[in-house]
Every structure is written in structure tokens, then in C-alpha cells.
Amino acid sequence: MSLKESEALVIKSYNLSEADRIVVFFTREFGVVRGVAKGAKRLKSRFGSTLEPFSTVNLSYFQKDDRELVSIQQVELTRSRFGTASDPAFLAAFSYIGDLLTDFAPPHDADETLYRMITACLAAPENERDLSAVQLYFELWLLRLSGYLPDWLRCGSCGRTIGDNEAATIVSGFQLQCGTCRKSYAIGEISTEDREVFRNVQALSPQDFVEYSHGRNDSVAMISSVMKRIIAGVLGREVASGDSLR
Ligand SMILES: [Zn+2]
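In this report, we go over the structure that sits alongside the text.

1. What to know about the pairing of strand E5 (residues 69–79)
The two faces of a sheet get side chains in turn, since along a regular strand they alternate between them.
Thought 1: Sheet topology note: the strand E3 (residues 31–37)/E5 ladder contains three bridges and is parallel. Its bridge partner being in E5, Val 36 is matched across the sheet by Ser 71.
Thought 2: Relative to E5, strand E4 (residues 56–63) runs antiparallel, the two sharing seven bridges. Among the inter-strand pairings, Tyr 61 is bridged to a residue of E5, identified as Ile 72.
Thought 3: Between E4 and E5, which pair antiparallel in sequence order, lie five residues.

In C-alpha cells form, the structure reads like this:
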């Protein structure tokens, strides 16, 4: 049994028994960690309000080699996001992001890039209209970091680079097809604006992307719907997005 310490984000928690809760953290050092918070449901719990969703905390826990569920020792609040978590729209969006994270990230597998990305996503939206852009940002980067993002620079049929101002269609396997290879079985059209949004998710920080996304709602929705279909394919089930909960 060893004591481990890491900065962590509280993703969610649920009841285990009359007094205890299970808390899901995304830690900077060890990836997704699920632990038992003993007595967390008691009125005078030593955890106080540190286990609120999306708080940043310093976490220490004991882990037995053969157990996935760890024993939470101490949680020290470094940043509360109580305001965010109590707004229903923000809560829905970030719960969606938290669920995607735990669906994709294997337990106890450190991913510093993903940790920095989700932390930046939490800080990016200023109001409700920014949430769709933040969700798209997370969906696309999650797919990219897990190796599932299709290459939309090239035509999936002939391999030629598709020009920024060239029309393209999306075909099976979520590949793009250039105008020359164009067939009738395309799933849909991808406009040059849509592809610009797709490129800029990858080029900009979450904050800059949110800024850029204003006035581009249709393209954000279009690309997000494609990302959700890819995610559903990877997970083998549909995903309920924060949008549909709002
Ligand atoms: Zn082609």
C-alpha cells in the first residue's frame, strides 16, 4: 500500500453507503482515480465542501496494488468552481465533458496534456453561449489525443491535399472526399467554413477558440455533430451531450 499525492480535478461523486461517497478525480499525475471518501456524507465531514464537482484540489490517497478503488486520505481545496457548478447550463456541459473523459481515459493512466486541456476548457467559457464551442473543443481534442480524429487535410480516396477553399464531402468512415473523387454516397457536405472551424480547434487555445467561435454557431454545431458520431462509434453507444440537457 502506498500513499500518493497529486493535484486533481473533482469530476463527480456518488453515494456508496449511508455515510460514504465514491469520488471520481482526474489527477495530474495518475490520470482518472476513483476513491472512497469515508464519512463524506456526514454533516461534519472532514472533507467539507472540497468534493464539489470541478473543484481543483490537492489529493492524497492510499492505493492497494490490486484494487482500482483507492482510499481517499486528504483533500485540500485550491480552487472552488462553486459558481460554475451551480449554474445548470455549465453543470450540464461540464458533466458531459467529465463523462467523456472517464469514458476515454483509462484509470490510473497519467495524461498531462489531457489534464491541461480540460483545465483550460473549464476556464474558457464566459457565459452560456460559449458552452457549445467548449464542448466541441473537448470532443475534437479527446478524439485527436486518442488517435481517432480523421485527417481532414487530405482526400480519403486519392490522398490529395484538399485546398482551403475547395468543396468537400464527408463519406463513410468520416473521411473527406475531394470534388474530383466525389461520389453520390456522401454523408454530407462540409463547407470551407466548417473546415476552418475544424482546423482552428486544433490551432487555438480553448479561450481563443471560444472568442473565434462567436458568429460561427452553425459550423460549431456541424463539426460537433460529426465528432459525436465518431465518439458514439468508438464507445459503441450514443452520447448524451450537454446541449440536449440544456
Ligand atoms: Zn480525391
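2. Digging into unusual backbone geometry
Thought 1: You will see that Phe 54, though not glycine, has its phi angle at about 70°, which is positive.
Thought 2: With respect to the helices and strands, Phe 54 occurs in the loop between E3 and E4.
Thought 3: The residue Phe 174 is not glycine, and still its phi comes out positive at about 60°.
Thought 4: On the basis of neighbour count, Phe 174 is assigned to the partly exposed category, with 18 C-beta atoms found within 10 Å.

3. Notes on helix H5 (residues 192–203)
Thought 1: Between its first and last C-alpha, H5 extends 16 Å over twelve residues, near the 16 Å set by a 1.5 Å rise per residue.
Thought 2: Contacts made by the buried residues of H5 are with helix H4 (131–145), strand E8 (188–190), helix H6 (206–213) and helix H7 (217–235).

4. A few points about helix H2 (residues 88–104)
Because each turn of an α-helix spans 3.6 residues, side chains separated by three or four positions in sequence point in the same direction.
Thought 1: If you check H2, its first and last C-alpha atoms are 24 Å apart, about what 17 residues at 1.5 Å a residue would give, namely 24 Å.
Thought 2: Along H2, the residues classified as buried are Phe 90, Ala 93, Phe 94, Tyr 96, Ile 97, Gly 98, Leu 100 and Leu 101.

5. Examining the sheet that holds strand E7 (residues 176–178)
Thought 1: A sheet is described by the order of its strands in space; here three strands give the open sequence E7-E6-E8, paired in antiparallel fashion. Lying at the two open borders of the sheet, with one neighbouring strand each, are E7 and E8. Along the sheet, successive strands turn relative to each other by an average axial angle of 40°, direction set aside.
Thought 2: Bridge count between strand E6 (residues 168–170) and E8: three bridges; the pairing is antiparallel. Residue pairing in the sheet places Ile 170 in a bridge with Gly 188 of E8.

6. A word on the sheet that holds strand E1 (residues 2–15)
Thought 1: Taking strand neighbours around the barrel as the criterion, the five strands line up as E1-E2-E3-E5-E4 in a closed arrangement whose pairing is mixed. Pairs of neighbouring strands in the sheet enclose a mean axial angle of 50°, with direction left out of account.
Thought 2: Docked against the sheet, H2 engages E1, strand E2 (21–27) and E3, running at close to 125° with respect to E1.

7. Examining the nonpolar core
Thought 1: With 66 residues, the main nonpolar core has Phe 25, Phe 26, Ile 97, Ile 118, Cys 121, Val 134 and Tyr 137 as its most contacted residues.
Thought 2: Among the elements that make up this core, the one with the highest residue count is H4 (ten residues).
Thought 3: Taken domain by domain, this core gets at least three of its residues from each of domain 1 (1–83) and domain 2 (87–246).

8. Considering the environment of Phe 209
Thought 1: Relative to the helices and strands, Phe 209 resides in helix H6.
Thought 2: Overall, the presence of 24 C-beta atoms within 10 Å leaves Phe 209 in the buried class.
Thought 3: Ignoring sequence-local partners within four residues, the contact set of Phe 209 consists of Ala 133, Tyr 137, Asn 200, Val 201 and Leu 204.

9. Notes on the packing of H2 against H4
Thought 1: Running from N to C, H2 and H4 cross one another at 5°; their axes reach a closest spacing of 10 Å. Viewed along their axes, H2 and H4 adopt a mutual orientation that is roughly parallel. Contacts between H2 and H4 pair Ala 89, Phe 90, Ala 93, Tyr 96, Ile 97, Leu 100 and Phe 104 from the former with Leu 131, Val 134, Gln 135, Phe 138, Glu 139 and Leu 142 from the latter.
Thought 2: Class assignment for the residues of the contact of H2 with H4 results in eleven nonpolar, one polar and one charged.

10. A look at the environment of Leu 142
Thought 1: Tracing the backbone shows Leu 142 in helix H4.
Thought 2: According to the C-beta neighbour criterion, Leu 142 is buried, with 23 such atoms within 10 Å.
Thought 3: Note: C-alpha distance between Leu 142 and Leu 77 (65 residues apart in sequence) is 27 Å.
Thought 4: With residues near it in sequence (within four places) discarded, Leu 142 still touches Leu 100 and Phe 104.

Rules behind the numbers
- Residues numbered from 1 in each chain as written.
- Predicted model: local features only at pLDDT ≥ 70, side-chain atom pairs only at ≥ 80, totals over all residues.
- Pairing = 2+ DSSP bridges.
- Helix = DSSP H or I, 4+ residues; strand = E, 2+ residues; numbered from the N terminus.
- Buried ≥ 20, exposed ≤ 12 C-beta atoms within 10 Å, placed from the backbone.
- Expected span 1.5 Å × (residues − 1).
- Contact = placed C-beta atoms within 7 Å.
- Axes fitted to C-alpha atoms, helices over the stretch in contact; angles between N-to-C directions.
- Core = buried A, V, L, I, M, F, W, Y, C linked by C-beta atoms within 7 Å.
- Domains from an automatic or database assignment.
- Parallel < 35°, antiparallel > 145°, perpendicular 65-115°, else oblique.
- Nonpolar A, V, L, I, M, F, W, Y, C, P; charged D, E, K, R; others polar.

It is worth stressing that arrangement in space is one thing and function is another; only the former is reported here.
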